[in-house]
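Topology and contacts: notes
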Amino acid sequence: MALAIFDLDETLIHGDCASLWSEQMARLGWVDGKAFLKRDQEMMQAYGKGHLQMEDYMAFSLEPVAGRTLEEVEHLIEPWVEEVIEPIIFADACRCIAEHRQRGDRILIISASGVHLVGPIAARLGVEEYLAIELEAVNGVYTGKTHGVLTYREGKITRLLEWLDQEQENLEGASFYSDSRNDLPLLLKVDHPRVVNPDPVLREHAQTNGWPILSWS
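Looking at an unreviewed UniProt entry, one finds the protein chain named HAD-IB family hydrolase and attributed to Pseudomonas muyukensis.

What follows is the structure, encoded as structure tokens:
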């Protein structure tokens, strides 16, 4: 049994769940929609270019959640996943997950989005194991802060190695699927890197190194 590791945003789904949740928070009236979404778009553009400090984005995107209970947020995320996320799940991604499962591989999603979003989306995909950015909560109320190592760039490797140690797993024969240049550190660590609808930098790297380039829809 080998690991089949998947990025989430723009890899398994056609979109970024954090930005889509920002749009939902605007619809809910939690934020000044126009200004908040403008800033979100600016930060996501920086992310796409590899220039974003993830700590800055998480501080920004979690501010509207601060002071809300875990139950309140969970209650609103579940229907949002069904209405907004499910229609943009790549059918090819579902087939790939199913193929790995049929081979007996262990499926893991590792995402630079918050665990409050990644967990419900993973469940919708039928994936039980995932690593994501952990959110701080005190007495069942979100503080608006994160805790632990963020699952972003090299942080994905750090968190994955911790998980491997806890699970007594290893990366022998592992595959990793991603769309983003930000995931190059982890793509370079696995035996079978797979790039999915890659950004220009990742596409060039994949072509240079002979990595499979997948076009999912």
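Following the structure, the description resumes.
Take the layout of surface pockets next. If you roll a probe as big as a water molecule over the atoms, it shows you where there is empty space left. The volume enclosed by the largest pocket comes to roughly 390 Å³. Lining the largest pocket are 22 residues, with Glu 10, Asp 16, Met 44, Tyr 47 and Asp 179 sitting closest to its centre. Secondary structure elements with two or more residues in the lining of the largest pocket: helix H1 (17-28), helix H2 (33-48), helix H3 (54-62) and strand E2 (106-114). Looking at the lining of the largest pocket residue by residue, the classes come out as 8 nonpolar, 8 polar and 6 charged.

In terms of nonpolar packing, the biggest core is built from 53 residues, with Phe 6, Met 54, Trp 80 and Ile 85 touching the most fellow members. If you tally residues by element for this core, the top one is H1, at 6 residues. When sequence neighbours within four positions are dropped, the list of residues in contact with Met 54 reads Tyr 47, Ala 112, Ile 133, Leu 150 and Tyr 152. Leu 3, Leu 171, Leu 186 and Leu 187 belong to the second largest nonpolar core, which has 20 residues in total.

Pairing between side chains becomes possible if they bear opposite charge and their charged atoms approach one another. The full count for this structure, using the stated rule, is 14 salt bridges. The salt bridge partner of Arg 159 is Glu 134, with a shortest N-O separation of 3.6 Å. With Arg 159 in helix H7 (residues 154-167) and Glu 134 in the loop between strand E3 (130-133) and strand E4 (135-138), this pair connects stretches of sequence that are 25 residues apart. Under the relative-accessibility criterion, Glu 134 is labelled partly exposed at 27%.

Running from N to C, H1 and helix H6 (residues 115-124) cross one another at 105°; their axes reach a closest spacing of 10 Å. In terms of their interaxial angle, H1 and H6 are classed as roughly perpendicular. Within the contact between the two elements, H1 uses Cys 17, Ala 18 and Trp 21 and H6 uses His 116, Leu 117 and Ile 121. Tallied by class, the residues present in the contact of H1 with H6 amount to 5 nonpolar, 1 polar and no charged.

Bridge count between E2 and E3: 3 bridges; the pairing is parallel. Residue pairing across strands places Gly 114 opposite Ile 133, the latter belonging to E3. A crossover connection joins E2 to the parallel E3 through H6; in handedness this β-α-β unit is right-handed.

With respect to the helices, strands and loops of the structure, Asp 40 is situated in helix H2. Buried within the structure, Asp 40 lacks any salt-bridge partner; its nearest side chain of opposite charge belongs to Arg 39, at an N-O separation of 9.0 Å. Excluding its chain neighbours within four sequence positions, the residues that come into contact with Asp 40 are Ser 19, Ser 22, Tyr 57 and Phe 60.

For the rest of this paragraph, the subject is the sheet that holds strand E7 (residues 192-196). One open sheet holds the 6 strands; their spatial order is E3-E2-E1-E6-E7-E8, and the pairing between them is parallel. What marks the edges here is a single partner per strand, and that holds for E3 and strand E8 (213-214). Where strand E6 (residues 175-178) lies against E7, 4 bridges are found, and the strand directions are parallel. Bridging across to E7, Ser 178 finds its partner in Val 195.

This part takes up H2. For an α-helix the count is 3.6 residues per turn, leaving residues at separations of three or four pointing the same way. Spanning 16 residues, H2 covers 22 Å between terminal C-alpha atoms, matching the ideal 22 Å at 1.5 Å per step. All of the buried residues along H2 are Phe 36, Asp 40, Met 43, Met 44 and Tyr 47. Projected down its long axis, H2 shows its buried positions confined to an angular sector of 105°, all on one face. Of the exposed residues in H2, the ones pointing more than 90 degrees away from its buried face are Lys 34 and Lys 38. Contacts made by the buried residues of H2 are with H1, H3 and E2. Looking one or two places after H2, you find Gly 50, whose phi comes out positive at around 80°.

Reading the values: the criteria
- Residues numbered from 1 in each chain as written.
- Predicted model: local features only at pLDDT ≥ 70, side-chain atom pairs only at ≥ 80, totals over all residues.
- Heavy atoms only, no water.
- 1 Å grid on protein atoms, 1.4 Å probe; cavity = no way out; pocket = protein on both sides within 12 Å on 5 of 7 lines; lining within 4 Å.
- Points joined across faces, edges and corners; volume = space filled by probe spheres on them.
- Helix = DSSP H or I, 4+ residues; strand = E, 2+ residues; numbered from the N terminus.
- Nonpolar A, V, L, I, M, F, W, Y, C, P; charged D, E, K, R; others polar.
- Core = buried A, V, L, I, M, F, W, Y, C linked by side-chain atoms within 4.5 Å.
- Buried < 20%, exposed > 50% of the residue type's maximum accessible area, 1.4 Å probe, protein only.
- Contact = heavy atoms within 4.5 Å.
- Salt bridge = Lys/Arg side-chain N within 4 Å of Asp/Glu carboxyl O.
- Axes fitted to C-alpha atoms, helices over the stretch in contact; angles between N-to-C directions.
- Parallel < 35°, antiparallel > 145°, perpendicular 65-115°, else oblique.
- Pairing = 2+ DSSP bridges.
- Right-handed = clockwise from strand over helix to strand, strands pointing away.
- Lys, Arg positive; Asp, Glu negative; His and termini not counted.
- Expected span 1.5 Å × (residues − 1).
- Arc of directions from axis to C-beta.

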